[in-house]
Amino acid sequence: MPVTPTPTGWDALRFRRERMVGWFDPGQLARTGMQVVLSSLFGSFADKREMQAALDPTPRCYGPYEPDPISGDFWIDYVPDLGDGFDSTYTVAYQLSRESLTIPGEPAPLPRGNLLVMGGDEVYPRASRDEYHHRTYGPYEAALPSTPGAPTDNDPHLFAIPGNHDWYDGLTSFIRLFCQQRSIGRWRTQQHRSYWSVQLPHGWWLWGVDFQLESDIDAPQLAYFRKIAESVKQGDRIILCVPEPAWVQTWLIRRDAYDRVAFFERDVIAPSGATVPVVITGDLHHYSRYSLTHGADTPAAPRHLITCGLGGAYTYATHSLPGTLEFCADQGHSAPVSRRRYERECIYPSAEVSREESEPVRSFIFRRKPNSEDGSYWQNASFARMLGVLYLMFAWLLQSSRSVFSFDPAVVIFSVAIIVAMGAFALPLREPDAEDAAPGAPPAPCRISRKWAWVVGGLHGASHVALAVGLMLGFTRLNALIMIEGHPALTVIVRLAAYAVETMLVGGALGGLLMGLYLYASYRLWGLHENEVFSVQAIRDYKGFLRMRIGSDGALTIHPLCMDKAYHGWQPVVRAGDLARVTPDDRDVIPVRLIEEPLVIGR
């Protein structure tokens, strides 16, 4: 009987090492767009949070967790926005898995968290069983693999809340991975729903809230937290985990974006007598911290608002974040609307680095991106190929017309479709001169109205139409020089083949450059397309997480940690059961440092 060889090296991995998500890949754009539409249309009709409540009718509070008997400390790790490219995701997972981290400036090593909290968007680009396995489960299992038969009482526990990408399949894959008491390596999942409450030592609580795709908080979830709040004592403190930075969205998207959080503070937390010293989230792939300077209208008004979306996804801008956030916190129909003001205390990466990274022209197609599995690849080459195909289709329509400047219906429809699509693509998230803007509030990131954004985007679309016409005229004249004596049919075939190759290569490259120039100019001049400027580059560096300590004195210390470069020199180490733990060539080769001085929140 033949013996199956034991896998070694990279073959021992039970997952694929994925590259960073190509957000401008045509297939990816189509799939993500379809999932967004379907989840928006049917999400409210198939809300799995109600099913979770029906299957788990008794509200569970996890804990109480006890501090270390010797030091009296309890440690919590927090990481959102993971599950993207292997190098960036595993750089964070590896540091989270280590027994302790020696940080410059810290008097003692920081031990691994007793709890690991995944704060939303646990996988990119879409939720599915395969994507979770290859982008999240596999890397984290390899970072901290379990040993068969070893005791598990001291293994860290894992809690997660879903973000918008986790909701794209209606939470089906999220529930399978995080809500059925499975283990990811030695991290042991505990929760039964997509939201949860954890009782921590010294009067601290950790609450994870699920805001499904910008909808209101569902009734079963409100009932759950109101029931848990009955066990909260006067003066207890709650670390609130939410899936998106609603405070930044009041500036970025709409002025009432904070209303759901304000409602939760007022109707659920405030009656319990607890306070919310800090709210933490991800969703935006950078680090920022805002501190309250005015408007503590309720005891539950948070003092610090922290975004730490550094778990593995592409790096996002920080230089455009406003120095001051001022927004309304709706206090209900019977109370006046209060206004809060928060000042920005810290950002990462720095504004200077963020500005340098906001140049997508050379990155759109003319930059080779490193990839841990197969060396490197051309950034956004598939999008450039798609543009070449569009130019070929347009040329086919033109050649069937009477002349280039004829108004053939098919040509007109094709041209208008491109112009309208680019116009819609240019629409800003929010008008810069919104009527409900607060006096003295920071301006919206976009500096152009939607009407003029239509114009800018339409001109961009028209430039692609003009490029297609120019390519056809130029290559037609060039290829007219191709003559095969005595073979007119073969001459036509060769000319057509040459035109197709020329349009795909030259047209795709010029179209990609035109797209990059448009993104660069529209962002620098009018603040359009900030997300696209950074997603198109898929920057894998500037990663990190939060490591929090509840000390024996009851104080909470938050250490924001970062790694300026994602590591790629990994080596697999085969362990028992053909499971490979992936380690760097040198365990000290990935320097970890503090983003800012630790934030201490006392009793």
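The structure we're discussing is the one just above.
Residues numbered from 1 in each chain as written. Predicted model: local features only at pLDDT ≥ 70, side-chain atom pairs only at ≥ 80, totals over all residues. Heavy atoms only, no water.

Draft legend 1. Summary view of the overall build of the protein. A tally of helices and strands in the protein yields 15 helices and 23 strands. When each of the 603 residues of the protein is scored for burial, the buried share is 56%. Considering only contacts in the protein between residues 6 or more positions apart, those separated by 24 or more positions represent 77%. (Helix = DSSP H or I, 4+ residues; strand = E, 2+ residues; numbered from the N terminus. Buried < 20%, exposed > 50% of the residue type's maximum accessible area, 1.4 Å probe, protein only. Contact = heavy atoms within 4.5 Å.)

Draft legend 2. A look at helix α4 (residues 129–143). Taking 1.5 Å of rise per residue, the 15 residues of α4 would be expected to cover 21 Å, and the 20 Å separating its terminal C-alpha atoms lies within 8% of that figure. The largest bend in α4 comes to about 35°, at Y137, with the proline P139 one to four residues further on. Along α4, eleven of the 15 residues are buried, which leaves the element largely enclosed by surrounding structure. Where α4 is concerned, the buried positions are E131, Y132, H134, R135, T136, G138, P139, Y140, E141, A142 and A143. (Expected span 1.5 Å × (residues − 1). Bend = angle between axes of the 7 residues up to and from the residue.)

Draft legend 3. Highlighting the packing of aromatic side chains. The final tally for this structure, using the stated rule, is 26 aromatic pairs. Aromatic pair W23 and Y124: ring centres 6.2 Å apart, planes at 85°, arrangement edge-to-face. Of the two residues, W23 is situated in the segment before α1 (26–42) and Y124 in the loop between β4 (115–118) and α4; the sequence distance between them amounts to 101 residues. For the pair shown, W23 and Y124 are each scored as buried. (Phe/Tyr/Trp six-rings, centres within 6.5 Å; stacked < 30°, edge-to-face > 60°.)

Draft legend 4. Expanded view of the sheet that holds strand β10 (residues 237–241). The mixed open sheet is built from eight strands, whose spatial order is β8-β9-β10-β11-β13-β12-β15-β14. Edge strands, defined here as strands with exactly one partner in the open sheet, are β8 (196–199) and β14 (324–329). Put simply, the sheet's adjacent strands are angled 20° from each other on average, direction ignored. Pairing geometry for strand β11 (residues 275–281) and strand β13 (residues 304–308), over four bridges, is parallel. Bridge assignment links I280 to a residue of β13, and that residue is I306. (Pairing = 2+ DSSP bridges. Axes fitted to C-alpha atoms, helices over the stretch in contact; angles between N-to-C directions.)

Draft legend 5. Seen up close, the packing of helix α12 (residues 409–425) against helix α13 (residues 450–479). Contact pair α12 / α13: the axes reach a minimum separation of 7 Å and the direction vectors enclose 140°. By the angle between their directions, the pair α12 and α13 is classed as oblique. Note on packing geometry: the crossing formed by α12 with α13 is right-handed. Together, S415, I418, I419, V420, M422, G423 and A424 of α12 and A453, W454, G457, G458, H460, G461, A462, H464 and V465 of α13 make up the contact between the two elements. A class-by-class count of the residues in the contact of α12 with α13 yields nine nonpolar, seven polar and no charged. (Parallel < 35°, antiparallel > 145°, perpendicular 65-115°, else oblique. Left-handed = near helix turned anticlockwise from the far one by under 90°. Nonpolar A, V, L, I, M, F, W, Y, C, P; charged D, E, K, R; others polar.)

Draft legend 6. Representation of the environment of Y287 within the structure. Turning to its location among the elements, Y287 is positioned in strand β12 (residues 287–294). Along the sequence, Y287 and C562 sit 275 residues apart, while their C-alpha atoms lie 9.4 Å from each other. Engagement of the side chain of Y287 in a polar contact is seen with the side chain of E596, the distance being 2.5 Å. (Polar contact = N/O pair within 3.5 Å; in protein donor to acceptor, adjacent residues only side chain to side chain.)

Draft legend 7. Structural detail: the packing of helix α11 (residues 381–399) against α12. Viewed as axis vectors pointing N to C, α11 and α12 meet at an angle of 155°, and their least axial separation amounts to 9 Å. Regarding the angle of α11 to α12, the classification is roughly antiparallel. You can see that α11 and α12 cross each other, and the crossing is left-handed. Between α11 and α12, the contacting residues are L390, M393, F394, L397 and L398 on the first element and A410, V411, F414 and S415 on the second.

Draft legend 8. Layout of the pairing of β4. Alternating positions in β4 separate into two faces, L115 and V117 on one and L116 and M118 on the other, with burial throughout. Where strand β1 (residues 74–79) lies against β4, four bridges are found, and the strand directions are parallel. Directly across from Y78, in β4, lies its bridge partner V117. Pairing geometry for β4 and strand β5 (residues 157–160), over four bridges, is parallel. Bridge pairing in β5 links L115 to H157.

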